[in-house]
Amino acid sequence: MKNSREDFIFPVKVPYSTAPDIVKLKDEFNLTSISDEVLTFKLEELNKFHDDLTNEITSDELLCSLKIISEKYNLPDAKTIEDLAKCVQDDLAILSFGKVIAICFCAPSGFIPSKVVGKSFFEIHHPIPDSELLLKMSDKLSSMLSDISRGSYRRHIWTITANPSMSQHPSMKDKFHPKSISDLYFRTETQTTVPLGDNVHMLFSVKVEMTPLKDIWMDSVKKNTILESIDTMSEAMLEYKNLRIIKSILKQEL
Ligand code: HEM
């Protein structure tokens, strides 16, 4: 069973919260060279949605950040964030003074990555329901996450979706009509921040994992944790995460 793997990520908490749950990374972070499978996935997504998935504010500071990242992780020289993202498993963004200056996310959750370029941490997170604390801490978080003396931080997010693809591009939002647990997937993101050395710029890496929910449902502790967490989400959060119908499916299977 996939979720018995030692590295299976299960970040579900009760109650569900949007509080900034970042944890300092103890080990050195590494960008992993891209596999053939992920390269094929990224090229297919870029072919379909190129201008939605990648965007950047071309500038010397971006070129300099790309150079720092390529050298740090022993990757080929890249002149754009798209070139860099095609070399690694991760989806990537670069922030400067807490604003996104470049992004290439081939597996976004329900948002259009190119639209966050130029936006601040506060502006990006503003539409999220129940996120008062996160918004209040935006400026503090932005400077903390690019502070070289503090190092890298990690957080995980999770959701349940009827779309089996790692990409939850908004155009696919209403294309699926789940009826039972077998039609659902547990989606996690491992998000890592890496300061780039000048206390201004930082790298944001995201890795996505998809697991059929039926595999997790066999584990009653995990199943109950998911049910309890969803039960604590506000109506606004259920709507935002597209979980209303999914919640009723999970309940009907009890
Ligand atoms: C590391 C500190 C961060 C924290 C604590 C944080 C927190 C959150 C939370 C609580 C949510 C909504 C609920 C969820 O899905 O979990 C969210 C969503 C989001 N975050 Fe962050 N975030 C962080 C970093 C970033 C960065 C650096 C970016 C820049 C690209 C970003 C972009 C987004 C976007 C675009 C969404 C909306 C996703 C969607 O609607 O599907 N976040 N974040």
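The sections below set out a description of the structure shown in this document. Values in this document were obtained by computation on a predicted structure and should not be read as measured data. (Residues numbered from 1 in each chain as written. Predicted model: local features only at pLDDT ≥ 70, side-chain atom pairs only at ≥ 80, totals over all residues. Heavy atoms only, no water.)

## Re the site of the ligand
The immediate surroundings of the ligand are formed by 21 residues, with Ser109, Gly110, His125, Ile157 and Tyr240 found nearest. Arginine 155 has a polar side-chain atom sitting 3.5 Å from an oxygen atom of the ligand. Looking at which element gives the most residues to the shell around the ligand, the answer is helix H4 (residues 121–125), with three residues. Of the residues assigned to the shell around the ligand, the class counts are 14 nonpolar, five polar and two charged. (Near = heavy atom within 4 Å. Polar contact = N/O pair within 3.5 Å; in protein donor to acceptor, adjacent residues only side chain to side chain. Helix = DSSP H or I, 4+ residues; strand = E, 2+ residues; numbered from the N terminus. Nonpolar A, V, L, I, M, F, W, Y, C, P; charged D, E, K, R; others polar.)

## Focus on the sheet that holds strand E7 (residues 201–212)
The antiparallel open sheet is built from seven strands, whose spatial order is E1-E5-E6-E7-E3-E4-E2. Across the chains shown, the open sheet's two edge strands, defined by having one partner strand only, are strand E1 (23–24) and strand E2 (54–56). Of the strand pairs in this sheet, E2 and strand E4 (residues 99–104) are connected by three bridges, and their pairing is antiparallel. Across the sheet, asparagine 55 pairs through a bridge with isoleucine 103, a residue of E4. On top of the sheet, helix H2 (residues 60–72) reaches E2, strand E3 (91–96), E4, strand E6 (185–195) and E7; it is set at about 130 degrees to E3, its chief contact. (Pairing = 2+ DSSP bridges. Contact = heavy atoms within 4.5 Å. Axes fitted to C-alpha atoms, helices over the stretch in contact; angles between N-to-C directions.)

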